[in-house]
Amino acid sequence: MTLIYQVEPAAVTPGTHVLAIAVGRYPHLLGGDPGALANKPLGLKQLKSPPVSLRHLLDWCFAPELHPDPPASPGLVNNQAPLASVEVLVSADEPFVAQTPDGQCDVERATRNNIQLAFESWLARMRTHPGNIGVFYFCGHGIMVSDHYLLADDFGASPAQPWANAFDISNTMRAAEREIQGGMYFFIDACREISRDVAMTLAANPSPLWAPDLSKRLISSSLTAIYATGEGELAYAPLGGEVSRFTFALVCALSGYCGIKAPGTQTWNVTGETLAAAVRNILNVEHEYTQGKPNQKQVSEQQIRGEPVPILTLSRPPLVKVVLDLDPVQRRAMYDLYLQSVLGGRYSQSCLNQAFRIDLPRGFYEVGALDPAGGLPHVHHQEEELIPPFYTLTMRSQP
Amino acid sequence: MPFVFIHGVNNRDGEAYHESEVGRNGFIREVVAPALGVDRDSLSILSPYWGQHGVQFAWNMAVLPNPDDKFEAFGADADGEAFGRVAGLVAESPISGDIVAEARKDFPATVDLLFASAIAGAKSEGEARDLSRAYQLSASYAEKHPHPNWLSTATNDNFLDQLNYEADASSEESFGGGGILESLKEGLSRLKGATADQVTAVAGKLLRKKLNATVTRFAGDAFVYLSRRGTKEAPGPIVATVLQALREADQKRIDKDDKLIVIAHSFGGEIMYDILTYFAPDIQVDCLITVGSQVGLFEEMKLYVNSRPDVPPNPPVGKVSRPASVKRWLNVFDTNDILSYRLEPVISDVTDFFYDTGYSSTGAHGGYFLRPSFYRRLAARLSQA
């Protein structure tokens, strides 16, 4: 296990404890170690994206300290439960070195045993204060039967117990709700495809990281689980070792593109509901912009219970990613595309043959397209409400 | 581009007919359409079903020497039908249950059989298209690497995983196996089941039994067509059904994509020829593909409405002219298919194309559209000028 960051002393005040796991290298899956292929590799290959995706998440976590001037992103900011610890496990082609506020840190592999130890350690830290917030992140291979199973680095090592080096995240969450009092966020960036091979094997389901004791009552204040994809579906990443679609959407949403103002304060809270809705929205818009294949559309799913415990408390209003366009595209370069805030402030793009992209604070705007030469009709929409994370509009210039 | 498929005799509506259509359409879209320069997604495929107008047996074929020699199935449900077709494939291409051993002997042929088995159970055109795309990748890979290194250590459990992995050309990284693999595993499961000795024996029996009934229904459908095909003013029900689809396809031509392609299987070729030469010579067909057909034989027998004993005046030297409304005509036959015939000796400006289904004489006639390699070779032929 690799605890790469910890604020001392813990337990006096609430804090946010992160456990992040990425598995890209699977020695016993397709393309893994020569001669080590599992007897039933389930069609699963080596992945380039998970370590890159995890690094993207870490950069967000440490943004206030690693990139303070000006911050690239608000990062993990929570005035009720500041970042208290980060534990990381990564399996990649090359040894993974994490960049932390305290310097560089070598990270151990995400084997089943290491994941077990790291989870127990995370659980122990979470127990130190009832106001703690836990963040559990996993990026790698996943499969489903009745529950959702996540695959560790050494999955497939044993022909006798082919599914042994995986863990049951569904029941791990059920256990965690009974073991710790704070709020919890589970971000699961993995496939949820139903595996025929696993389903056809009796008594071989992977075990949870903590056995749920059903005699115990639920004591956690809240639990938010956001899954990269729906039941039976795949999760994706661009080829070549880029951030996965889900992690991109998650970090984008967490970087100041969602939140609701707490009444009477200058604080915008990001809760499970807000975050889940923003992630779904970003995934959807990104799919359209990247012209993704219809059969590879990825729609996240969420499970939310308990009180709205914020993962972030932001000190500035969330931004909206605005994309304004004009149809027909041949007329784009003849128009000024603009947004006029009802609070004042005008934002425009003058006569360019491209969509107008800008980040703006949420609120009401007049949105329009104006021909400076006056020959073409003025297109405008009064009191458009810009709500994070995205506002997209293609205006039509007719005739 | 509109595409019309006209089935032959001995087709009756049901799961088997539907699944054949689903698989066939998947291959037409993914393999044949690109060879014609056609957008696979906007391709419109019409498959007029005329089996309901075919022969009816008043005594339910009680005249067969063995009254039980009718139509057997391995089950009444879709899986049973699919399994039955795969059992037929296996009976015609005997393989052992050891798929890796088969692949070591003939990797490309094993890939073809595997995908044929998978496509036999395709539940939707989307699944069939996914399989068709995966088939093309796998077939190309198997041709380029007939003896890959990994095959020497592969097991029956991880053979498909490795094949799929090596042939994969995904545009994105997925955190899971993907649906194709599960479809292939279902196909392999069917194949393994069908290779069990007992079942193979049943499949052989099934084929032998079906032959008698098949020939009976073939003749019956042909007689019904010939006696009730009608006239130009009052076409019979079979002609009317096919003609309606052709007219509909004709209307679907668009400026950028204005070609009409017709595939006619078996007796569908005779129906099409009658339409082109008598019922609707105005319909312009850019490419006619007859498969396992008897068009030439029926012209030899002068059985078409417009057949004339004095045309040509000098057979076998002379030939009947290809209908002017047909720009290109490809005729596919298999010497093992006792019901398929050549066309070049009888009709001018047509091209005969031999395709070896790999089946015996009992199975070849229905085998063309079950074999993924058929579509691949057809596409290669069509893409030639």
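Residues numbered from 1 in each chain as written. Chains lettered and ligands numbered in written order. Predicted model: local features only at pLDDT ≥ 70, side-chain atom pairs only at ≥ 80, totals over all residues.

Next up on the list: the overall build of chain B. A count of helices and strands for chain B gives twelve helices and seven strands. In chain B, which comprises 385 residues, the proportion classed as buried is 46%. For chain B, long-range pairs separated by at least 24 residues make up 77% of all intrachain contacts whose partners lie at least 6 apart in sequence. (Helix = DSSP H or I, 4+ residues; strand = E, 2+ residues; numbered from the N terminus. Buried ≥ 20, exposed ≤ 12 C-beta atoms within 10 Å, placed from the backbone. Contact = placed C-beta atoms within 7 Å.)

What follows covers the overall build of chain A. Helices and strands together make up the secondary structure of chain A, namely seven helices and 24 strands. For 399 residues, the compact-globule formula gives about 21 Å, and the C-alpha radius of gyration of chain A, at 23 Å, lands near that figure. Counting only C-alpha atoms and orienting by the principal axes, one finds that chain A spans roughly 75 × 50 × 40 Å. Every one of the 399 residues in chain A was classed for burial, and the buried ones make up 50%. Counted over contacts in chain A with a minimum sequence separation of 6, partners at least 24 positions apart contribute 73%. (Rg over C-alpha atoms; globule rule 2.2 N^0.38 Å.)

With that settled, consider the confidence of the model for chain B. Residue and element names in this part refer to chain B. Chain-level pLDDT for chain B is 82 on average; 80% of the residues reach the 70-or-more range. Within chain B, the element-level pLDDT minimum falls on helix H2 (residues 78–92), averaging 58, and the maximum on helix H10 (residues 268–279), averaging 97. Note that residues 70–76 has pLDDT below 50 and, in this model, 15 contacts with residues that lie over four places away or in other chains. (pLDDT = per-residue confidence, 0-100.)

Residue and element names in this part refer to chain B. With 15 residues, helix H9 (residues 237–251) ought to run about 21 Å at 1.5 Å a step, and its terminal C-alpha atoms sit 21 Å apart, in line with that. Buried residues of H9: Ile238, Val239, Val242, Leu246 and Ala249, and no others. Buried residues in H9, looked at end-on, bunch into an arc of 95 degrees, giving them a common side. Seen from the buried face of H9, the exposed residues on the opposite side, beyond 90 degrees, are Arg247 and Gln251. (Expected span 1.5 Å × (residues − 1). Arc of directions from axis to C-beta.)

Once that is clear, we can look at the sheet that holds strand E12 (residues 222–227) of chain A. All names here are of chain A. Read from one edge to the other, the open sheet built from seven strands follows the order E1-E3-E2-E6-E10-E12-E16, with strand pairing classed as mixed. Each edge of the open sheet is held by one strand with a lone partner, namely strand E1 (3–6) and strand E16 (301–306). Sheet twist, expressed as the mean angle between neighbouring strand axes with direction ignored, is 5 degrees. In the sheet, E1 pairs with strand E3 (residues 83–91) via three bridges, with the strands oriented antiparallel. Looking across to E3, one finds that Gln6 is bridged to Ser85. The strands touched by helix H7 (residues 272–289) are E12 and E16; relative to E12, the strand with the most contacts, the crossing angle is about 5 degrees. (Pairing = 2+ DSSP bridges. Axes fitted to C-alpha atoms, helices over the stretch in contact; angles between N-to-C directions.)

On the chain B side, the residues contacting the 28 residues of chain A number 18 residues. Elements with a minimum of two residues in the side of chain A that touches chain B: strand E7 (142–144) and strand E13 (236–238) of chain A. No other element matches E13(A), which puts three residues into the side of chain A that touches chain B. In terms of residue class, the side of chain A that touches chain B is built from 15 nonpolar, eight polar and five charged. Two elements, E13(A) and strand E3 (residues 172–174) of chain B, share three bridges in a ladder whose sense is antiparallel. What sits directly across from Pro238(A), in E3(B), is Glu172(B). (Nonpolar A, V, L, I, M, F, W, Y, C, P; charged D, E, K, R; others polar.)

Our next topic: the pairing of strand E22 (residues 363–370) of chain A. All names here are of chain A. Note: strand E19 (residues 336–341) against E22, six bridges, orientation antiparallel. Across the sheet, the residue bridging to Asp336 is Leu370, located in E22. Here six bridges tie E22 to strand E23 (residues 379–386), and the two strands are oriented antiparallel to one another. Pairing of Val367 across the sheet is with His381, part of E23.

Moving on, we come to the sheet that holds strand E6 (residues 329–333) of chain B. Residue and element names in this part refer to chain B. In space, the six strands of this open sheet follow the order E2-E1-E4-E5-E6-E7, with parallel pairing throughout. Two strands close off the open sheet at either side, each with one partner strand: strand E2 (44–46) and strand E7 (351–354). Geometrically, the sheet is characterised by an average inter-axis angle of 20 degrees between neighbouring strands, direction not taken into account. Judged from the four bridges that link them, strand E5 (residues 287–291) and E6 form a sheet pairing that is parallel. From the neighbouring strand, Thr290 faces E6, where its bridge partner is Asn331. Sheet strands in contact with H9 are strand E1 (2–6) and E2, and its direction is about 170 degrees off that of E1.

Residues Ala20(A), Ile21(A), Ala253(A) and Val279(A) are the most contacted members of the largest nonpolar core, which totals 107 residues. Here this core takes eight residues from helix H6 (residues 245–254) of chain A, the largest share from any one element. For Ala253(A), the residues in contact, after removing those within four places along its chain, are Cys258(A), Leu275(A), Ala278(A), Val279(A), Ile282(A) and Pro389(A). Counting residues in each nonpolar core, the second largest holds 82 residues, with Phe3(B), Leu43(B), Ile99(B) and Tyr341(B) among its members. (Core = buried A, V, L, I, M, F, W, Y, C linked by C-beta atoms within 7 Å.)

What follows covers the environment of Cys61(A). Residues and elements named next belong to chain A. Checked against the element boundaries, Cys61 lands in helix H1 (residues 49–61). It is 9.3 Å that separates the C-alpha atoms of Cys61 and Ser73, two residues lying twelve residues apart in sequence. Ignoring anything within four residues of it in the chain, the contact list for Cys61 reads Val18, Gly75, Leu76, Leu83 and Val86.

Residue and element names in this part refer to chain B. With omega at -5 degrees, the peptide bond leading from Val311 into Pro312 counts as cis. Structurally, the position occupied by Pro312 is in the loop between helix H11 (295–300) and E6. The peptide bond linking Pro315 to Pro316 adopts the cis configuration, its omega dihedral lying at 5 degrees. Here Pro316 is to be found in the loop between H11 and E6. Phi is positive for Lys302, which is not a glycine, with a value near 60 degrees.

This paragraph deals with the domain arrangement of chain A. Residue and element names in this part refer to chain A. Looking at chain A, the domain boundaries give domain 1 (3–314) and domain 2 (319–396). Once you take the C-alpha centre of each, domain 1 and domain 2 turn out to be 37 Å apart. In this complex, domain 1 contributes nine residues to the contact, which on the side of domain 2 involves six residues. Where the side of domain 1 that touches domain 2 is concerned, the elements lending two or more residues are H6 and H7. (Domains from an automatic or database assignment.)

Here we take up the packing of H9(B) against H10(B). Residues and elements named next belong to chain B. Their axes nearest at 11 Å, the elements H9 and H10 cross at an angle of 75 degrees. Classified by the interaxial angle, the pair formed by H9 and H10 is roughly perpendicular. Only Ile271, Ile275 and Phe279 of H10 make contact with H9, whose side of the interface consists of Ile238, Val239, Val242, Leu243 and Leu246. Tallied by class, the residues present in the contact of H9 with H10 amount to eight nonpolar, no polar and no charged. (Parallel < 35°, antiparallel > 145°, perpendicular 65-115°, else oblique.)

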